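Listed below are the residues making up each chain.
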Amino acid sequence: MASGEDPFGCLKLASRECLISQDHRTVCPKCQLSRKYFCYTCYVLVAELEGKVPKVKLPFQVDIIKHPKEVDGKSTAAHAAILAPEDVRIYTYPIIPDFSDPSKVVIVFPGLNALSLEELSKKRQGTSDNKDKTDTVEGPNTTEEKDTEVENVEEQCEKVREPPLKKQRTDERLSTPFDRVIFIDSTWNQTYRIFNDERLKGLQCVILKDHVTHFWRHQRDKPDTFLATVEAIYYFLREHHDIFVGTAYDGRFDNLLYFFSFMFQIVQKSKQEKGKLK
């Protein structure tokens, strides 16, 4: 990324004037500890920002399982909990939520059975197609009808192969095969302890496409595709929208990066000012 370039310039973000004008620290309305914008342990805004910060509605529940050694003030999981309070819950391991129907839960992790959302949608379509074939008595097809069917299948496959985040469209909305998504909030070296917990065994693993992180606390010796937690949630939502909703993306989830983009700019400005002083 070129110096001074804003990687969030194309997003539909709410005005951050209220954050800019918040030039002093205050106290959390719950725990009474000193905070500036929000409390990263209680997941609430400071009183001065209440009603001024956007809220985001998600299409499914997001459960974040945080490693106990993850520093609250350095984690971006709090961003999601504050900006999407109706749909995001954070649990500190070893606490793990109960799942009434594990078949409707996916965990974002590169496990052995991990599928991309594109592959999951194809698997879903295949199950649905097989059911339709079982329920339908097929009559003889003409060569012309078979050619048309082949062309339709090829066209559908091309749509599936098309990368997400390009306003992908489909003729029919696909049914999402899950209603809860789990994210693990920890450094890479700490994730396996949580992922290998017996209570998470058997859940469908899902992986994201490669996206470049803009997190200012990059993990040492890890590629730039290792995302911050709130980035991972955002890109999961984008990919889900492109694949399962099928309409042009309208920016509905962009404000999940409201705090993240603001803090990114603060860090960049600080780096530039330090560079000028040298």
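None of the values given here were measured: they were computed from a predicted structure.

## With respect to helix α5 (residues 188-195)
Consideration 1: Among the residues of α5, Gln-190, Thr-191, Ile-194 and Phe-195 are the ones counted as buried. Along the long axis of α5, the arc covered by the buried residues comes to 140°, so they all point the same way. In α5, the exposed positions that point more than 90 degrees away from the buried face belong to Asn-189 and Arg-193.
Consideration 2: Buried residues belonging to α5 abut β5 (61-66), β7 (105-108), β9 (180-185) and β10 (204-207).

## Re helix α6 (residues 229-245)
Consideration 1: Between its first and last C-alpha, α6 extends 23 Å over 17 residues, near the 24 Å set by a 1.5 Å rise per residue.
Consideration 2: Most of α6 is tucked away: 17 of the 17 residues are buried.

## What about the sheet that holds β5?
Consideration 1: An order of β6-β5-β9-β7-β10-β8 is seen for the 6 strands of this open sheet, with the pairing classed as parallel. Whereas interior strands pair on both sides, the edge strands pair on one side only; in this sheet they are β6 (88-92) and β8 (115-116).
Consideration 2: In the packing of α5 onto the sheet, contacts are made with β5, β7, β9 and β10, and the angle to β9 comes to roughly 135°.
Consideration 3: Along the sheet, α6 makes contact with β5, β7, β9 and β10, crossing β9 at roughly 155°.

Definitions and limits used
Residues numbered from 1 in each chain as written. Predicted model: local features only at pLDDT ≥ 70, side-chain atom pairs only at ≥ 80, totals over all residues. Heavy atoms only, no water. Buried < 20%, exposed > 50% of the residue type's maximum accessible area, 1.4 Å probe, protein only. Helix = DSSP H or I, 4+ residues; strand = E, 2+ residues; numbered from the N terminus. Arc of directions from axis to C-beta. Contact = heavy atoms within 4.5 Å. Expected span 1.5 Å × (residues − 1). Pairing = 2+ DSSP bridges. Axes fitted to C-alpha atoms, helices over the stretch in contact; angles between N-to-C directions.

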